[in-house]
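Each chain, written out:
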Amino acid sequence: MRHAILRVVLMVLACCCLCSPAAAGADYPRKPVTVYIPLGVGDTADVFVRVITPYMEKFLGQPMILVNKPGSGGAVALAALANAPADGYTMSWANLPTLSIQPQMRKLTYDPRKLVYIATPMQYEYILYVSAKSPYKTLKDLVEAARKAPGKVRYGTPGLGTTNHLGVAWLANKENVRMTAVPFDGNPKAISAVVGGHCEAVNTSVTASISPYQAGLVRPLAVFSDFRIALLPDVPTLKELGYDFSQYSCLGAVFPPGTPDAVRQRMEDAIKYAIEQPDVQQRCAETLFAKIVFRNGAEYRALCEDYWTIWGDVLSLVGLKK
C-alpha cells in the first residue's frame, strides 16, 4: 500500500513538472499562433511584420496566422488580445500609442501595464508630407497657411492619439495655429487623402510613404525624427528648423496578462532570430528604410514607461490629457 501511494505521489510530481512554466516554454508552440496586426494592410507595422514572420515561423516550427485588426490607432487589436487566453497562442503587435498615449487620453477596455511585453525589434521615423501638387514648398508655408485660415489646414492620421497626430498637434500648439486632425484606418489611407486633395498634410512613417514618394505623388517638408533619413537626405529635421522637438515611436509585441514567462522568452527569441537574418537586415535598410533596434521584454516595458511620461507631457501641453 505504501509503495502504491508513493507511485501516485511521484506521478503527481512528474505532472506538475511537465505543467511548470519552464516545461510550457520547452514544447511551445505545439500549434499555430494567431497574431494581430494593429493597422491595415500596407501600413508600416503590417509590412514589417510580414517580412520577419517567415523567419519567426522557422524558429518556432509552427505557422503564425496574421490577422489585421485596424481601428482606434491600434486599440482594437489590443482590446481583443486582452480577452484572449494566456497560453501563448494569441499575441499582438503594438504601436507605442496604444501602450503609452491612448490610455492617458480616454478610458480603454484593456490595461496596457498588465500586458506581457515580449520585445520590440524596430522604431519608426516620421516625415511630414503634402501633395506634390500642393502650393506649400516648405514647413513655414504650411504653418502660415494655418495661421491665415484657422482649422482649414487638415492633416491625416492613422488615429487620434497616435504619435503621427501628436507630432503635428505639438507643432500647431508651438506656432499658436489651429490645424484639423482627420483620423483614418492606417497610414496608407491618410496618405491617399493627401494625394487626393482631401487633406493638406500627413505625418507618416518612412516605410508607409516610400511608394507614393518615389512615384512623385507627395512632397516632404520636414523630418520629425531627430536625424535626417537616407531616403530624403536633403529634407531638414524639425530641430534643424529651430524646433526643440523630435518624434519617435516603436513597434513591439505583447501577450495577454498572465502568459508564462517561458513562453514569452521563446517568442522574444523568435523575434531576435528573425531580425538577425541578413535578408531582413538588407530589406529593412534598402527597401523599407526601417531602423532595427532590438530591446528585450524588460527593456521594452521600461521604454514604454519612459514614453508614458514623455508623451503625457505632450498631451498636457496640447490639452488632450484626460
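Described in the following lines is the structure provided in the data block. (Residues numbered from 1 in each chain as written. Predicted model: local features only at pLDDT ≥ 70, side-chain atom pairs only at ≥ 80, totals over all residues. Heavy atoms only, no water.)

Quick look at the overall build of the protein chain
Here is step 1 of the chain: A count of helices and strands for the protein chain gives 12 helices and 11 strands.
Here is step 2 of the chain: Projected onto the principal axes, the alpha-carbon positions of the protein chain cover approximately 95 × 40 × 30 Å.
Here is step 3 of the chain: A buried classification covers 52% of the 322 residues belonging to the protein chain.
Here is step 4 of the chain: Counted over contacts in the protein chain with a minimum sequence separation of 6, partners at least 24 positions apart contribute 78%.
Here is step 5 of the chain: A total of about 14,100 Å² of accessible surface is found on the protein chain, and carbon and sulfur atoms cover 56% of it.
Here is step 6 of the chain: Computing the positive centroid from 33 side-chain charges and the negative centroid from 26, the protein chain places the two 6 Å apart. (Helix = DSSP H or I, 4+ residues; strand = E, 2+ residues; numbered from the N terminus. Buried < 20%, exposed > 50% of the residue type's maximum accessible area, 1.4 Å probe, protein only. Contact = heavy atoms within 4.5 Å. Areas by Shrake-Rupley, 256 points an atom, 1.4 Å probe, with all protein chains shown as cover. Lys, Arg positive; Asp, Glu negative; His and termini not counted. Charge placed at Lys NZ, Arg CZ, Asp CG, Glu CD.)

A closer look at the nonpolar core
Here is step 1 of the chain: Within the largest apolar cluster, 83 residues are counted, with the highest numbers of intra-cluster contacts made by I52, M56, M91, W93, M179 and M267.
Here is step 2 of the chain: Ranked by size, the runner-up nonpolar core spans 17 residues in total, among them A190, C199, I229 and L232. (Core = buried A, V, L, I, M, F, W, Y, C linked by side-chain atoms within 4.5 Å.)

Focus: the pattern of salt bridges
Here is step 1 of the chain: In total, this model carries 10 salt bridges according to the counting rule given.
Here is step 2 of the chain: Salt-bridge contacts for E305 lead to R113; the nearest nitrogen and oxygen are separated by 3.1 Å. Remark: R113 occurs in the loop between α5 (96–101) and β4 (116–124) and E305 occurs in helix α12 (residues 297–317); sequence separation between them is 192 residues.
Here is step 3 of the chain: Residue E305 is classed as partly exposed on the basis of its relative accessible area, which comes to 32%.
Here is step 4 of the chain: Overall, the relative accessible area of 37% leaves R113 in the partly exposed class.
Here is step 5 of the chain: Residues R147 and E175 are paired through a salt bridge, measuring 3.1 Å at the closest nitrogen-oxygen approach. On the criterion of sequence distance, the pair formed by R147 in helix α6 (residues 139–148) and E175 in helix α7 (residues 163–175) is long-range, its members being 28 residues apart.
Here is step 6 of the chain: Because the salt bridges share partners, they merge into one network encompassing E144, R147 and E175. (Salt bridge = Lys/Arg side-chain N within 4 Å of Asp/Glu carboxyl O.)

Observations concerning the sheet that holds strand β8 (residues 201–205)
Here is step 1 of the chain: Pairing in this open sheet of five strands is mixed, and the strands run β7-β6-β8-β5-β9 from one edge to the other. Bordering the open sheet on either side are β7 (180–183) and β9 (218–223), each of which pairs with just one other strand. Taking each pair of neighbouring strands and ignoring which way they run, the sheet shows an average axis angle of 30°.
Here is step 2 of the chain: Relative to β9, strand β5 (residues 126–131) runs antiparallel, the two being bridged by five bridges. (Pairing = 2+ DSSP bridges. Axes fitted to C-alpha atoms, helices over the stretch in contact; angles between N-to-C directions.)

Topic: the sheet that holds strand β1 (residues 33–37)
Here is step 1 of the chain: Pairing is mixed across the open sheet formed by six strands, whose spatial order is β2-β1-β3-β10-β4-β11. With one partner strand each, in any of the chains shown, β2 (64–68) and β11 (291–296) form the two edges of the open sheet. The mean angle between the axes of side-by-side strands here comes to 20°, regardless of whether they run parallel or antiparallel.
Here is step 2 of the chain: The sheet contact formed by β4 and β11 spans four bridges and is antiparallel. From the neighbouring strand, A119 faces β11, where its bridge partner is N296.
Here is step 3 of the chain: Contacting β1, β2, β3 (90–95), β4, β10 (249–255) and β11, helix α10 (residues 261–275) crosses the sheet at an angle of about 20° to β4.

Quick look at the pairing of β5
Here is step 1 of the chain: Counting buried positions along β5 gives six out of six residues, so the element sits mostly inside the fold.
Here is step 2 of the chain: Looking at chain direction, β5 and β8 are connected through five bridges and run antiparallel. Its bridge partner lying in β8, I127 is registered against T204.

Things to note about helix α4 (residues 75–82)
Here is step 1 of the chain: The complete set of buried residues in α4 reads A75, A77, L78, A79 and L81.
Here is step 2 of the chain: Residues of α4 that are buried make contact with β1, β3, α5 and β10.

Examining the environment of V49
Here is step 1 of the chain: The topology assignment puts V49 in helix α3 (residues 44–60).
Here is step 2 of the chain: Separated by 44 residues in sequence, V49 and W93 place their C-alpha atoms 8.3 Å apart.
Here is step 3 of the chain: Here V49 is in contact with I37, L66, W93 and L251, once residues within four sequence places are set aside.

Side note on the side chain of D46
Here is step 1 of the chain: For D46, the position within the fold is in helix α3.
Here is step 2 of the chain: Discounting residues that sit within four places of it in the chain, D46 has contacts with I37, G40, V41 and N68.

Focus: the packing of aromatic side chains
Here is step 1 of the chain: Summed over the entire model, instances satisfying the criterion amount to 10 aromatic pairs.
Here is step 2 of the chain: Seen from their ring centres, F59 and Y273 are 5.4 Å apart, and the 40° between their planes marks the pair as tilted. Here F59, found in helix α3, pairs with Y273, found in helix α10; they are 214 residues apart in sequence, far enough to count as distant.
Here is step 3 of the chain: For the pair Y248 and Y307, a centre-to-centre distance of 5.2 Å together with 20° between the ring planes defines the contact as stacked. Here Y248 is found in the loop between β9 and β10, whereas its partner Y307 is found in helix α12, with 59 residues between them in sequence. (Phe/Tyr/Trp six-rings, centres within 6.5 Å; stacked < 30°, edge-to-face > 60°.)

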